[in-house]
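What the coordinates show
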Amino acid sequence: MNYFQVISILFGIVLIGGRLLIHIMPEKWARFELDHVYKQKRPSWVWIVGMISLIIVSITWYMQLTSEVPMSMIVTIVVTLTLVKVSQVIFNYERFRQFAKKALTEDRSIIVKINIVTTVLGVILIVLGVSIY
């Protein structure tokens, strides 16, 4: 297994698995996210996850530039796009928390739309990991 195969399959499983949990237990998930993950005061894990995300993105770009794996740019771009969410959580925590609260409690259609896109992306990543890389 090469790096892109592993990251593609793992990322796909996490994307699909997370969406399943959100749909199987919506109230418990909303409570978990708002009471534990995105507490009123920004938790310290935000900075740790931010650093880990930067490391993973850096490694992915290094592998992209130094290896010749067909279509590896797809995974590289998807992994890099995770920095959008990470940067919002780090630099606009209160706004992100308000968005999460709205999506989880007030307007579930937001979550449904995010889940559809995320699940499709997860399936694509798993297919790439299994059949292309």
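Just so it is clear, the model here is predicted, and its values are computed rather than measured.

**Side note on the layout of surface pockets**
- Quantified by volume, the largest pocket comes out at close to 1600 Å³.
- Around the largest pocket sit 43 residues that line it, and Leu15, Arg19, Tyr38, Thr82 and Lys85 are the ones nearest its centre.
- For the lining of the largest pocket, the elements supplying multiple residues, two or more each, are helix 1 (3-24), helix 2 (26-37), helix 3 (45-66), helix 4 (72-91), helix 5 (93-106) and helix 6 (108-132).
- Ranked by residue count, the leading element in the lining of the largest pocket is helix 4, at 10 residues.
- Looking at the lining of the largest pocket residue by residue, the classes come out as 32 nonpolar, seven polar and four charged.

**Considerations on the confidence of the model for the protein chain**
- Of all residues in the protein chain, 100% attain a pLDDT of 70 or more, and the chain-wide mean is 94.
- Here helix 2 stands out as the least confident element of the protein chain, with mean pLDDT 92; helix 3 is the most confident, with 96.

Criteria and cut-off values
- Residues numbered from 1 in each chain as written.
- Predicted model: local features only at pLDDT ≥ 70, side-chain atom pairs only at ≥ 80, totals over all residues.
- Heavy atoms only, no water.
- 1 Å grid on protein atoms, 1.4 Å probe; cavity = no way out; pocket = protein on both sides within 12 Å on 5 of 7 lines; lining within 4 Å.
- Points joined across faces, edges and corners; volume = space filled by probe spheres on them.
- Helix = DSSP H or I, 4+ residues; strand = E, 2+ residues; numbered from the N terminus.
- Nonpolar A, V, L, I, M, F, W, Y, C, P; charged D, E, K, R; others polar.
- pLDDT = per-residue confidence, 0-100.

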